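Results of the structural survey
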Amino acid sequence: MSTVLVVTEQKYDAQKNAAISRISLEALAAGQALAASLGADCAAAVLGDSSAANELTSKALSRVYLLEHPLLKQYTPDAYNKALEQLIRATSPAWVLFPHTYQVRDFAPALAARFGQSLISDVIAIRPGPTFVRQLFQGKLNAEYHRAGSDSAPGFISVQAGSFRVEDLQPGTAAIEAFQVELADGDIRTKPSEPFRESAQTVDLAAAPIIVSVGRGIREQENMPLVESLAQALGAELAASRPICDAGWFPIERQVGSSGHTVAPRLYLAVGISGAIQHLVGMKGSKTIIAINKDENAPIFEVADYGVVGDLFEIVPELTKAINSAKS
Amino acid sequence: MKILVAIKQVPERDAQLSIASDARWIEEDGLNYVINEPDAYALEEALQLREQHGGEVIALCAGPDRVTSTLREALAKGADRAIHLASDTLGTLDTLALALVLADAIRSESPDLILTGLQSDDLGLGQTGVVLAELLGLPHSTLVLHVEKTATGIRVKRELEDGWFQHIDLPLPAVLTIQSGGNKLRYATLMGIKKAKTKETRTVEAATPATPATVELTRVFLPEKQKQTQMLTGSPAEIAAQLVEKLRSEVRVL
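1. Things to note about the environment of B:Gly181
Summarising the element assignment, B:Gly181 is placed in the loop between strand 10 (174-178) and helix 5 (190-196). Separated by 68 residues in the primary sequence, B:Gly181 and B:Ser249 have C-alpha atoms spaced 40 Å apart. Those residues in contact with B:Gly181 that lie beyond four places of it in its chain are A:Asp246, B:Tyr41 and B:Leu145.

2. Comments concerning the nonpolar core
All names here are of chain A. Membership of the largest hydrophobic core comes to 45 residues, with the highest contact counts inside it found for Leu-56 and Leu-97. Not counting the four nearest positions on each side in its chain, Leu-97 is found in contact with Val-4, Leu-5, Val-6, Val-7, Ala-27, Ala-30, Gly-31, Leu-34, Ile-126, Ile-157 and Val-159. With 37 residues, the next largest nonpolar core counts Val-214, Met-224, Val-227 and Ile-290 among its residues.

3. Examining the packing of aromatic side chains
One pass over the full model with this rule turns up eight aromatic pairs over all chains. When the ring of A:Phe137 is compared with that of B:Trp25, the centres are 5.5 Å apart and the planes differ by 40°; the resulting orientation is tilted. Of this pair, A:Phe137 sits in the loop between strand 8 (131-136) and strand 9 (141-147) while B:Trp25 sits in the loop between strand 2 (9-11) and strand 3 (33-35), each in a different chain. By relative accessible area, A:Phe137 is classed as buried at 5%. Look at A:Phe196 and B:Phe165: their rings are 6.0 Å apart centre to centre, the planes differ by 35°, and that puts the pair in the tilted class.

4. Remarks on the pattern of salt bridges
With the rule as written, the count across this model stands at 33 salt bridges over all chains. The partner of B:Arg158 in a salt bridge is A:Asp106, and the shortest N-O contact between them spans 3.7 Å. Remark: A:Asp106 occurs in helix 4 (residues 102-114) and B:Arg158 occurs in strand 8 (residues 153-159); the pair is interchain, linking two chains. Taken individually, B:Arg158 and A:Asp106 each receive the classification buried, so the pair is uniform in this respect. Connected through salt bridges with shared partners, the residues B:Lys2, B:Glu56, B:Arg81, B:Glu109 and B:Arg202 form a single ionic network.

5. Considerations on the interface of chain A and chain B
Where the parts come together, the accessible area they lose is often given as the size of the interface. Between chain A and chain B, the residue contacts involve 85 residues of the former and 87 residues of the latter. A combined buried area of about 7800 Å² lies between chain A and chain B, and 53% of that area is made up of carbon and sulfur atoms. For the chain A face of the interface with chain B, the top three residues by lost area are A:Tyr102, A:Phe137 and A:Tyr306, together amounting to 9%. Taken together, the connections running from chain A to chain B amount to seven salt bridges. The class makeup of the residues in the side of chain A that touches chain B is 35 nonpolar, 23 polar and 27 charged. Both strand 18 (residues 306-309) of chain A and strand 13 (residues 230-231) of chain B contribute to a ladder of two bridges, which runs parallel.

Scoring rules and cut-offs
- Residues numbered from 1 in each chain as written.
- Chains lettered and ligands numbered in written order.
- Predicted model: local features only at pLDDT ≥ 70, side-chain atom pairs only at ≥ 80, totals over all residues.
- Heavy atoms only, no water.
- Helix = DSSP H or I, 4+ residues; strand = E, 2+ residues; numbered from the N terminus.
- Contact = heavy atoms within 4.5 Å.
- Core = buried A, V, L, I, M, F, W, Y, C linked by side-chain atoms within 4.5 Å.
- Buried < 20%, exposed > 50% of the residue type's maximum accessible area, 1.4 Å probe, protein only.
- Phe/Tyr/Trp six-rings, centres within 6.5 Å; stacked < 30°, edge-to-face > 60°.
- Salt bridge = Lys/Arg side-chain N within 4 Å of Asp/Glu carboxyl O.
- Buried area = accessible area lost by both parts, 1.4 Å probe.
- Nonpolar A, V, L, I, M, F, W, Y, C, P; charged D, E, K, R; others polar.
- Pairing = 2+ DSSP bridges.

So this is what it looks like as structure tokens:
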């Protein structure tokens, strides 16, 4: 029987206890669904930590492969690619599926290339075929992808956060199988240091009930007082999409999205934000989303409850004025 | 240090996109094309490294004739020379086939460092740099914000998720994909634009990839809405009044 192999990742808590990350559980749900549609088995791979593998024995998986080696304790692309290459050659899965994380982006494209394949990255839906849906142009358009040519090597897929549901992960029983990997110090060309944070956080965006968030549409730093006044009128915290923080107009601690914070306030008011997937994953759980953008096709309107297509430089001052007079 | 920067030209961010009649890509006529923004950060990092340590910055861009405008801009910002990898059909290649074409062109230059943006604004696959490293047999790192030269190679600052960072040491030669925001982008000066005219742009015909595509983009379509969005219309004052009403009665934050 052919197999869909899902490569998982762990998250560590403050006590350094490992758990399978949420996006990996989503990837497992996607893998199970793909396997079911193909009449295939779904297996999982866990690298580095056996306690995380135990967590998967209660899921409907044909096997949980555990790859333990001192050189897999700390992630490097060389060690991960060599170890996974050995596992894939030994078990010949039909598909290899990853969560689309920063770590996966660092190694999986090269792993696919080792098998003469291109990774279909950042998949948001899997349809019969199998057909893989991913976004183009920061979410303005979607595209369907298929495998082409021979299927003598596995197909490689990574799935976006929030696109598949952990609740769909089927329970069952799975056996852990230790897989011996051959790794030597000389295989590892890069030397990672311990992760660090840049500075102490001074705002807690995750706790803010109202967030006014600003994007590229604001154009110039000197226009920022427009949204600052709006935030003040609403008693809101200010946040931004990545380009604003890249430009240095806001500190990175106010960034919402996959490279910043994930927030779910009562109200998220997006001003001049087009809504690239990297931003949407950080805010689409908000209770109410209002979006003001000049482009009616901006993907932010796909997740907004209320949308305004128009010039923020006209609408925001009027809105601030109206809120202030409504309060007085 | 000899630094090669692989650049992509993409439609400008504000472009009104329409789907081509065969639904395999977008309608390209009438679009304005610019440098892919993460690649602009890669170029900036390369220029700063050269300013600190000397050497040469080579800009490489693959595509039809229109991409020479993006190469000219790179030269005007300070790249020393440019290579145009000429082809009208690169758009149909998958990641691996395109990386094979790029790797062929890069090999003869034997750069110490190859930089590219972490992903493109159009396809957004985010893989070219990593696959290039694999094909060239070089170590790599991704999502890099800053590069520092060390006695044995380089030390990079890499972005992790949730506001974490990490330093990674690599030997040279190496491939890095650059995350946006690590530097402030420079503008081309008048002097730079003048100087660019005297700099070399070499045109090389792109090799036809030996391997068939393993992945195919078969259909482009408009995204389905995930939510029922209520669109508010009217004059700015009318819209503001409607929003206040929603904030009061529906969202209940006023």
